[in-house]
Structure formats: structure tokens, C-alpha cells
Amino acid sequence: MPPPEEPSTPLAAQPTMIYRDPNAASAAVLVVGGNDRGREFELTSDEVTIGRGADCDIVLADIAVSRRHLVLFRDGVVFRPATSAPATARP
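This structure is a prediction, so every number in the text was calculated from the model and none was measured.

Parameters at a glance
- Residues numbered from 1 in each chain as written.
- Predicted model: local features only at pLDDT ≥ 70, side-chain atom pairs only at ≥ 80, totals over all residues.
- Heavy atoms only, no water.
- Helix = DSSP H or I, 4+ residues; strand = E, 2+ residues; numbered from the N terminus.
- Buried < 20%, exposed > 50% of the residue type's maximum accessible area, 1.4 Å probe, protein only.
- Contact = heavy atoms within 4.5 Å.
- Core = buried A, V, L, I, M, F, W, Y, C linked by side-chain atoms within 4.5 Å.
- Polar contact = N/O pair within 3.5 Å; in protein donor to acceptor, adjacent residues only side chain to side chain.
- Salt bridge = Lys/Arg side-chain N within 4 Å of Asp/Glu carboxyl O.
- Pairing = 2+ DSSP bridges.

Asks: Looking at this structure, I do not really get the overall build of the protein chain. What am I missing?
Replies: What the protein chain contains, in helices and strands, is 0 helices and 6 strands. The order of helices and strands in the protein chain, counted from the N terminus, is β-β-β-β-β-β. Evaluated residue by residue, the protein chain yields a buried proportion of 19% over its 91 residues. The contacts in the protein chain between residues at least 6 apart in sequence include a share of 29% that link residues at least 24 apart.

Asks: Please clarify how the nonpolar core should be interpreted in this entry.
Replies: Generally speaking, soluble globular proteins have nonpolar side chains that are buried together. The biggest cluster of nonpolar side chains holds 9 residues, and these are Val 31, Phe 41, Leu 43, Val 48, Ile 50, Ile 58, Leu 60, Val 65 and Leu 72. Not counting chain neighbours up to four residues away, the residues in contact with Ile 50 comprise Val 29, Cys 56, Ile 58, Leu 60, Arg 68, His 69, Leu 70 and Leu 72.

Asks: Looking at this structure, I do not really get the side chain of Asp 62. What am I missing?
Replies: Along the chain, the position of Asp 62 falls in the loop between strand E4 (58-59) and strand E5 (70-75). Within polar-contact distance, the side chain of Asp 62 engages the backbone nitrogen of Asn 35 at 3.5 Å. Setting aside anything within four residues of it in sequence, one finds Asp 62 in contact with Gly 34, Asn 35, Asp 36 and Arg 52.

Asks: What's the story with the pattern of salt bridges in this structure? I'm lost.
Replies: Side-chain pairs of opposite charge can arise where the charged atoms are in close proximity. Under the definition given, this model contains 1 salt bridge. Across the pair Arg 39 and Asp 36 runs a salt bridge, and its minimum N-O distance is 3.0 Å. A relative accessible area of 7% places Asp 36 in the buried class.

Asks: Which parts of the structure should I look at to understand the pairing of strand E3 (residues 47-51)?
Replies: In the case of a regular strand, side chains alternate between the two sheet surfaces. Within E3, 4 of the 5 residues are buried, which leaves it mostly tucked inside the rest of the structure. Of the strand pairs in this sheet, E3 and E4 are connected by 2 bridges, and their pairing is parallel. Bridge assignment links Gly 51 to a residue of E4, and that residue is Val 59.

Asks: Can you walk me through the environment of Val 31 in this structure?
Replies: Inspection of the secondary structure puts Val 31 in the loop between strand E1 (28-30) and strand E2 (40-42). Using a relative accessible area of 12% as the deciding quantity, one classes Val 31 as buried. It is 8.5 Å that separates the C-alpha atoms of Val 31 and Phe 41, two residues lying 10 residues apart in sequence. Ignoring anything within four residues of it in the chain, the contact list for Val 31 reads Asp 36, Arg 37, Gly 38, Arg 39, Phe 41 and Leu 60.

Next up, the structure:
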């Protein structure tokens, strides 16, 4: 798949776009903006961490990404993100 074209509007102003290829042999993450734009990473394990930290499975070189930015879990044949913060109870 070719890398996406450079956006004409700021990335923050654009909607999130998810593309799923029903014929794909495996799951992958395609970076669509920032320093790693155009890079593609195959998801080969049941848990994948993404971030700037050297201990992440996918390391991105972008200051807008936190050290441990995202964790994806395989849920059957679909990857789903972990919740970013624990739920809090209200009094």
C-alpha cells in the first residue's frame, strides 16, 4: 500500500481514518503522520506496545507520542486498544 498523500489541513483537524483490507494476510499499523509517516509495522504478537520508549514493540520517533502511547491486544482476529486510563468511581 503506498503511503498516504500529505494532508492539506492540519492532522489534528482531520477525522480519524481506519482502513481495513479484508484480503490482508496479517494485521498491520500504518503511520499516517509525524516523523514516521509512511512506515508500516506488522502486528505479530497478541499484545503490541506503541510509543517512544525503547521498551516498546513499535518505537516511533515523534515527540507528540508518549513513551508508552498505546497498547493493542489481539481479540480473536481483531486488535483493540487498551483503555488509556483506569476507570474512576464517583462518590
